[in-house]
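Analysis of the macromolecular model
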Amino acid sequence: MQERYAARYARSLMNTFGPPRLTLVRGEGAHVWDADGTEYVDLLGGIAVNALGHAHPALVRAVTTQLQTLGHVSNFFATEPQIGLAEKLLALLDAGPGKVFFTNSGTEANEAAFKLTRRTGRTHVVAAEGGFHGRTMGALALTSKAAYREPFEPLPGDVTFVPYGDEQALADAVTDQTAAVLLEPLQGEAGVEVPPAGYLASARRIADEHGALLWLDEVQTGMGRTGAWFAHHLDSLGAGVRPDVVTVAKGLAGGFPIGACLAVGAAGDLLQPGNHGTTFGGNPVACSAALAVIGTIEAEGLLERARVVGQQLREGLAADPRVTDVRGEGLLIGLDLAGERAAEVFAAALEAGFIVNNPTPTRIRLAPPLVLTEEDAAAFLDAWPTILTQGGVS
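This write-up is about the structure you can find in this document. (Residues numbered from 1 in each chain as written. Predicted model: local features only at pLDDT ≥ 70, side-chain atom pairs only at ≥ 80, totals over all residues. Heavy atoms only, no water.)

All chains considered together, the criterion is met by 14 salt bridges. Here Arg204 makes a salt bridge to Asp244, at a shortest N to O gap of 2.9 Å. Of the two residues, Arg204 is situated in helix H9 (residues 199-209) and Asp244 in the loop between strand S8 (213-217) and strand S9 (245-248); the sequence distance between them amounts to 40 residues. Given a relative accessible area of 11%, Arg204 falls into the buried group. Glu344 is paired through a salt bridge with Arg341; the nearest N and O atoms lie 3.8 Å apart. (Salt bridge = Lys/Arg side-chain N within 4 Å of Asp/Glu carboxyl O. Helix = DSSP H or I, 4+ residues; strand = E, 2+ residues; numbered from the N terminus. Buried < 20%, exposed > 50% of the residue type's maximum accessible area, 1.4 Å probe, protein only.)

In structure tokens:
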């Protein structure tokens, strides 16, 4: 069956991702099954998307009920799920009064935020090397990786990239013409890079000195992924830092497409009628899905589970000397291997029944569902030494 699906895929889909490794047909919790019936523990979660895993009853119930009630309205009208989700997100952000613009994805949330920064009357943005903010032209202009950018240049300009975590480089780059400083509290795409303590606080101070906005991209790190609703709430990263703009998506609706641009205080009034729009953003089904995800995280204590199981995984992975570094918070984990064998380790893990990610030749990334059990984590750690051996790590 796998070969049959692969052939159909190759004939009908654009080759933007290369050949798929598997065709998955079913999921339950943190487990998925492929077209041949093989079971895997999903330690990637759709790249930090499937917060509740697969087929969670609360998410299924919310989407089904809303579709039976009201599936879509245009942006000429409001719906209760849309309003309720905006209120809930602002309450979770806990940064004071603000406004929300809903989108369909993380890159679109960043597009909205990028346009919002232009409404300050300034055009200059300072972003970090190694950051990833999306593949649309505006979001791509804010993403430093040359392989992503160069085939599509010229991109929207006036963007300066600085080394991530370097306070002095940030201070040198920001001027009185800077509209915004854009940072991820943790860099996910780069293999989970953690900034030095106090870096976000320094970014807030530098932005304030020049009248610039502080924009935090929490598309991957937000919505409980790190054991807090937002990564910048963690004491180790930025507790007490008040951003002007926060973008979220991925885990927000547990697999249902949605994104959001949250703007605090005066920043929430920068976009006015006619400045931006969307057809599907704020769709009542997507908003109901997001409310169900948030409610389930609260009801099932999944922030605490992310902290506990994340610590279990980090300690277990670091115990093997062939792993040279383990980083991250909660269930967003990156590790470095002793050698450029990440692709081989990915393949060995898949053969052993575990789905992981190899973002660079030396790095493995884990972003499993927040419902991952301690038993599943222990099973992966038991298999880990053999996976490293089969992957050729010495």
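Resuming the write-up.
Turning our eyes to something else, we now look at the packing of aromatic side chains. The description of two aromatic rings rests on the distance between their centres and on the angle between their planes. With the rule as written, the count across this model stands at four aromatic pairs. Judged by centre distance (5.7 Å) and plane angle (70 degrees), the rings of Phe132 and Tyr148 are edge-to-face. Here Phe132, found in the loop between strand S5 (124-128) and helix H6 (137-141), pairs with Tyr148, found in helix H7 (residues 146-149); they are 16 residues apart in sequence, far enough to count as distant. Exposure remark for Phe132: the relative accessible area of 22% places this residue in the partly exposed category. Here the aromatic rings of Tyr164 and Tyr199 are separated by 5.7 Å at their centres, their planes lie at 80 degrees, and the arrangement is edge-to-face. (Phe/Tyr/Trp six-rings, centres within 6.5 Å; stacked < 30°, edge-to-face > 60°.)

Time to look at the sheet that holds strand S11 (residues 323-329). Pairing in this open sheet of four strands is antiparallel, and the strands run S11-S12-S15-S14 from one edge to the other. Two strands in the sheet have a free side with no partner beyond their single neighbour: S11 and strand S14 (357-360). Strand after strand, the sheet turns through a mean of 25 degrees between neighbouring axes, direction not considered. Bridging between S14 and strand S15 (residues 363-366) involves two bridges; their strand directions are antiparallel. (Pairing = 2+ DSSP bridges. Axes fitted to C-alpha atoms, helices over the stretch in contact; angles between N-to-C directions.)

Let's shift gears to the pairing of strand S1 (residues 24-28). Two elements, S1 and strand S2 (residues 31-34), share four bridges in a ladder whose sense is antiparallel. When the bridges of S2 are listed, Gly27 appears paired with Val32. Counting the residues that bridge the hairpin from S1 to S2 gives two residues, and of these Gly29 lies at a positive phi of roughly 60 degrees.

Position of Leu313 relative to the elements: it lies in helix H11 (residues 302-318). For the pair Leu313 and Glu150, spaced 163 residues apart in the sequence, the C-alpha separation amounts to 37 Å. Those residues in contact with Leu313, other than ones at most four positions away along the chain, are Leu331, Ile333, Leu372, Ala377, Phe380 and Leu381. (Contact = heavy atoms within 4.5 Å.)

So, on to the side chain of Thr117. The residue Thr117 is located in helix H5 (residues 106-118) in this model. Overall, the relative accessible area of 2% leaves Thr117 in the buried class.

Our focus in this paragraph is the sheet that holds strand S3 (residues 39-42). Within the open sheet, the four strands sit side by side as S1-S2-S3-S13. Their pairing is mixed. At either margin of the open sheet sits one strand with a lone partner, and together these are S1 and strand S13 (354-355). Where S2 and S3 come together, three bridges link them in antiparallel fashion. Within S3, the position partnered with His31 by the bridge is Val41.

Its 16 residues place the ends of helix H10 (residues 284-299) 22 Å apart at the C-alpha level, agreeing with the 22 Å of an ideal helix rising 1.5 Å per residue. Of all 16 residues that make up H10, 12 are buried, and the element is covered over most of its length. Among the residues making up H10, those that are buried are Pro284, Val285, Ala286, Cys287, Ser288, Ala289, Ala290, Ala292, Val293, Ile294, Thr296 and Ile297. Contacts made by the buried residues of H10 are with helix H3 (57-69), helix H4 (80-93), strand S4 (98-103) and H11. Of the residues that open H10, the one with a side-chain oxygen 2.7 Å from the backbone nitrogen of Val285 is Asn283. Downstream of H10 by a residue or two, Gly301 has a phi angle that is positive, lying close to 60 degrees. (Expected span 1.5 Å × (residues − 1). Polar contact = N/O pair within 3.5 Å; in protein donor to acceptor, adjacent residues only side chain to side chain.)

The end-to-end C-alpha distance of helix H13 (residues 374-390), which contains 17 residues, comes to 24 Å, matching closely the 24 Å that a straight helix rising 1.5 Å per residue would cover. Gly392, located one to two residues past H13, shows a positive phi value of around 80 degrees.

The subject of this paragraph is the state of the cysteines. Overall, the coordinates contain zero disulfides when judged by the stated rule. The structure places no disulfide on Cys261, whose sulfur is separated from the nearest cysteine sulfur, that of Cys287, by 14 Å. What makes Cys261 buried here is its relative accessible area of 3%. Note on Cys287: relative accessible area 0%, which makes it buried. (Disulfide = S-S within 2.5 Å.)

On their own, these measurements won't tell you what the molecule is for.
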